[in-house]
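# Remarks on the overall topology
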Amino acid sequence: MPDLILALDVLSREEALSVAEAAAPHLDAIKIGYPLVLAAGLDIAAPLSEFGIPLIADFKVADIPNTNSLIAQQVFAAGFFAIICQGFCGSDSVAACVEAADDAGGECYVVAEMSHPGALEFLSGKNAELLAQMAVDAGAHGIIAPATRPERVQTLRAIIGDKKILSPGVGAQGGDPETIAPLIDGMIVGRSIYTAEDPAEAARTYARFRR
Ligand code: 3DU
């Protein structure tokens, strides 16, 4: 059963710290990305780190290897534990993120299949399976796969073995936590926690699916 990862896509430092503080007792990691970093700066990582919960940088890094290295180095220097990159730029671009993660004693996850309907146009099916295999071959720590499509998570699991699957799409996007929990290693939940009237109670509800 999976860790609970809060997707903290709020747009101010104050809200980020307030939601994180409320939910922290029920969390195993906090994922932040462009919405919060563009609103509050990368140094939001410092106060968030004080909750003692690992931070995941969801920048879906997708560039040439040198640029990916520079981005990943900034991420790990800012105190993040893990980075998420895209795989479609190729194995050398993924390897650059994996190397930066390894150098920092951190982790790198590769998006294999996305959870939204538009993912079915490119980021699904055979392409997702190739991306998952490439993530394994590149030494990534795991993949991102959709809680909205449990059958696809099972297909991707057969490819990646005991590498980790972090899975967004529960709650607001319609994924069912009970169905997906046994199939994954990390359940990523955003709006269903941070827009709840009581984020602590919402986090507690999802934490019931933890190990
Ligand atoms: O739908 P939610 O509010 O629970 O947030 C899901 C988070 O996971 C959000 O940060 C989004 O950018 C991220 N994500 C996906 O939703 C789907 C993916 O395939 C990859 C990341």
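Everything in this summary refers to the structure shown in the same document. Keep in mind the model is a prediction, meaning the values are calculated, not measured. (Residues numbered from 1 in each chain as written. Predicted model: local features only at pLDDT ≥ 70, side-chain atom pairs only at ≥ 80, totals over all residues. Heavy atoms only, no water.)

All of the buried residues along helix 7 (residues 150-160) are Pro150, Arg152, Val153, Leu156 and Ile160. Looking straight down helix 7, one finds that the buried residues subtend no more than 145° of arc, so they occupy a single side. Considering only its buried residues, helix 7 is in contact with helix 6 (125-137), strand 6 (142-144), strand 7 (164-168) and helix 8 (177-180). One or two steps after helix 7, the chain reaches Gly161, where phi turns positive at roughly 60°. (Buried < 20%, exposed > 50% of the residue type's maximum accessible area, 1.4 Å probe, protein only. Helix = DSSP H or I, 4+ residues; strand = E, 2+ residues; numbered from the N terminus. Arc of directions from axis to C-beta. Contact = heavy atoms within 4.5 Å.)

This paragraph deals with the pattern of salt bridges. Under the defined criterion, the tally for this structure stands at nine salt bridges. One salt bridge connects Asp28 with Arg210, and the closest N-O pair in it is separated by 3.1 Å. In this pair, Asp28 sits in the loop between helix 1 (13-23) and strand 2 (29-33) while Arg210 sits in the segment after helix 10 (199-207), placing the two residues 182 residues apart along the sequence. The exposure class assigned to Asp28 is partly exposed, which follows from its relative accessible area of 26%. Here Arg210 falls in the partly exposed class, since its relative accessible area comes to 25%. Across the salt bridge formed by Lys164 and Glu107, the nearest N and O atoms sit 3.5 Å from each other. Highlighted residues: Lys164 in strand 7 and Glu107 in strand 5 (residues 107-111), separated in sequence by 57 residues. Looking at Lys164, the relative accessible area reads 34%, which means it is partly exposed. Each of Glu113, Glu129, Arg149 and Arg152 takes part in salt bridges that share partners, so that together they form one network. (Salt bridge = Lys/Arg side-chain N within 4 Å of Asp/Glu carboxyl O.)

Here we come to the layout of surface pockets. A volume near 480 Å³ is recorded for the largest pocket. Together, 24 residues line the largest pocket, and Asp9, Lys31, Asp58, Lys60 and Gln173 are the ones closest to its centre. Of all elements in the fold, only strand 2, helix 2 (34-40), strand 3 (55-61) and helix 9 (191-194) reach the threshold of two or more residues within the lining of the largest pocket. (1 Å grid on protein atoms, 1.4 Å probe; cavity = no way out; pocket = protein on both sides within 12 Å on 5 of 7 lines; lining within 4 Å. Points joined across faces, edges and corners; volume = space filled by probe spheres on them.)

Bringing the packing of aromatic side chains into the picture now. Evaluated as defined, the whole model comprises one aromatic pair. Between Tyr34 and Phe59 the ring centres are 5.1 Å apart and the planes differ by 40°, which places this aromatic pair in the tilted class. Separated by 25 residues along the polypeptide, Tyr34 in helix 2 and Phe59 in strand 3 bring together distant segments of the chain. Classification of Tyr34 by relative accessible area gives partly exposed; the value is 45%. Phe59 sits in the buried class, given a relative accessible area of 8%. (Phe/Tyr/Trp six-rings, centres within 6.5 Å; stacked < 30°, edge-to-face > 60°.)

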